[in-house]
Amino acid sequence: MDSLALIGLLWAILRIAVPYVMATLGGTVCERAGVINIALEGILLLSALGTALGAPYGVTAALASGIAAGVATALLYGLLVV
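First things first, this report covers the structure right here in the doc. Per-chain numbering applies: the sequence of each chain, read as written, is numbered from 1 onward. At least 70 in pLDDT is required for a residue's local features to be given in this predicted model, at least 80 for side-chain atom pairs to be given and counted, and no such filter applies to totals for whole chains, interfaces and linings, which use all residues. Each side-chain value is worked out from all heavy atoms of the structure, with water and hydrogens disregarded.

1. Overview of the overall build of the protein chain
Working step 1: By definition, any uninterrupted DSSP run of H or I lasting at least four residues is a helix, any uninterrupted run of E lasting at least two residues is a strand, and each is numbered from the N terminus. Of the regular secondary structure elements, the protein chain holds 3 helices and 0 strands.
Working step 2: In the protein chain, the succession of helices and strands from N to C terminus is α-α-α.
Working step 3: The classification of residues rests on relative accessible area computed with a 1.4 Å probe and restricted to protein chains. Under 20% of the type maximum is buried, over 50% is exposed, and intermediate values are partly exposed. In the protein chain, which comprises 82 residues, the proportion classed as buried is 15%.
Working step 4: In this description, contact between two residues means that some pair of their heavy atoms is separated by no more than 4.5 Å. Here the contacts in the protein chain between residues at least 6 apart in sequence split such that 38% fall between residues at least 24 apart.
Working step 5: Methods summary: accessible areas were calculated by the Shrake-Rupley approach with a probe of 1.4 Å, and residue burial reflects only the protein chains presented. Just so you have it, the protein chain exposes about 6,300 Å², and 78% of that area is on carbon and sulfur atoms.

2. A few points about the layout of surface pockets
Working step 1: In this model, the largest pocket occupies a volume close to 310 Å³.
Working step 2: Taken together, 13 residues line the largest pocket, and the ones lying closest to its centre are Met-22, Ala-23, Ile-43, Leu-44 and Ser-47.
Working step 3: Considering each element in turn, the lining of the largest pocket owes the most residues, 5 residues, to helix H1 (residues 3-33).
Working step 4: The classification used treats Ala, Val, Leu, Ile, Met, Phe, Trp, Tyr, Cys and Pro as nonpolar, Asp, Glu, Lys and Arg as charged, and all other residues, Gly among them, as polar. Taken together, the residues of the lining of the largest pocket sort by class into 9 nonpolar, 4 polar and no charged. A cavity, in this analysis, means grid points on a 1 Å lattice covering only the protein atoms where a 1.4 Å probe fits yet has no way out; a pocket is instead an open set bounded by protein on both sides within 12 Å along at least five of seven lines, and a residue lines either one if it has an atom within 4 Å of a point. Grid points are joined across faces, edges and corners, and a volume is the space filled by probe spheres set on the points.

3. Some thoughts on a nonpolar patch on the surface
Working step 1: Residues Trp-11, Leu-14, Val-18, Val-21, Met-22 and Leu-25 make up a contiguous nonpolar surface patch of about 640 Å² in total accessible area.
Working step 2: One can find Met-22 in helix H1. Without a salt bridge and with relative accessible area above 30%, a residue can belong to a patch; like charges are then joined within 9 Å and nonpolar side chains (Val, Leu, Ile, Met, Phe, Trp, Tyr) within 5 Å. We count a salt bridge whenever a side-chain nitrogen from Lys or Arg sits within 4 Å of a carboxyl oxygen from Asp or Glu.

4. Overview of the side chain of Asn-37
Working step 1: Relative to the elements of secondary structure, Asn-37 occurs in the loop between H1 and helix H2 (40-54).
Working step 2: For Asn-37, a relative accessible area of 15% gives the class buried.
Working step 3: Only 3.0 Å separates the side chain of Asn-37 from the backbone nitrogen of Ala-39, close enough to count as a polar contact.
Working step 4: Other than its neighbours up to four places away in sequence, Asn-37 contacts Cys-30, Glu-31, Ile-43 and Tyr-77. For this analysis, a polar contact is any N or O atom pair within 3.5 Å, provided that within protein one partner can donate a hydrogen and the other can accept it, and provided that sequence-adjacent residues contribute only side-chain to side-chain pairs.

Structure (structure tokens):
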């Protein structure tokens, strides 16, 4: 395999794995706090949806809407569970 292709493959794996690693770390924090959070992937998907909906308005709006969607979903989950 060409070394440039291998570097590209490793970079793509790292880029794709980061959101799942962050969700896993969030699940670990929830477990340590005593709350079982089974909605981590749903929160991740709704954050991605919020980011996609905010993307036509610029990078800052996309980032803000993605964070707002994730926080709103987590707050709703926390309200319903706790």
